[in-house]
Amino acid sequence: MQTLKQSFETFNQKNTFKPGDIVEWKPGMKHKRSEGPFIVVEVLDEPIIDTNAEAGSAYFREPLDLVLGSFIGGDFVTFYYDSRRMQPVNE
């Protein structure tokens, strides 16, 4: 049970991000294939709610409020993420 409570607390830890910040997945919060680290490209005022996933999916109604950039195959790409799953990289 302690692991569930710790994960809940980690998930709910608030971070404030701005464009140019370097971020990574919080421990145990990665649920997409991308590895990171990422650079914050944009912080959305209003999250986009993922309505493409079906109920029961980890992505169902996920609030996507960060646009993050990273390299895939040598190309810079951007994707939308839930900021609750990210933390600043300690450089």
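These numbers come from a predicted model, not from an experiment.

**Q** Explanation requested: the side chain of Thr10 in the structure shown.
**A** On the secondary structure map, Thr10 appears in helix H1 (residues 2-12). Residue Thr10 is classed as buried on the basis of its relative accessible area of 19%. Apart from residues lying up to four places away in sequence, Thr10 is in contact with Lys26, Pro27, Met29 and Arg84.

**Q** Would you explain the pairing of strand E4 (residues 75-81) in this entry?
**A** Consecutive residues of a regular strand have side chains that alternate between opposite faces of the sheet. By the bridge criterion, 7 bridges tie strand E3 (residues 63-72) to E4 in an arrangement that is antiparallel. In the sheet register, Leu66 faces E4, and the bridge partner there is Tyr81. Between E3 and E4, which follow one another and run antiparallel, lie 2 residues, and Gly73 among them has a positive phi close to 60°.

**Q** I'm lost on a nonpolar patch on the surface in this one. Help?
**A** A cluster of nonpolar side chains, Val41, Phe71 and Phe76, forms an exposed patch at the surface whose accessible area comes to about 320 Å². Relative to the helices and strands, Phe71 resides in strand E3.

Procedures and definitions
- Residues numbered from 1 in each chain as written.
- Predicted model: local features only at pLDDT ≥ 70, side-chain atom pairs only at ≥ 80, totals over all residues.
- Heavy atoms only, no water.
- Helix = DSSP H or I, 4+ residues; strand = E, 2+ residues; numbered from the N terminus.
- Buried < 20%, exposed > 50% of the residue type's maximum accessible area, 1.4 Å probe, protein only.
- Contact = heavy atoms within 4.5 Å.
- Pairing = 2+ DSSP bridges.
- Patch = residues over 30% accessible without salt bridge, like charges linked within 9 Å, V, L, I, M, F, W, Y side chains within 5 Å.
- Areas by Shrake-Rupley, 256 points an atom, 1.4 Å probe, with all protein chains shown as cover.
- Salt bridge = Lys/Arg side-chain N within 4 Å of Asp/Glu carboxyl O.

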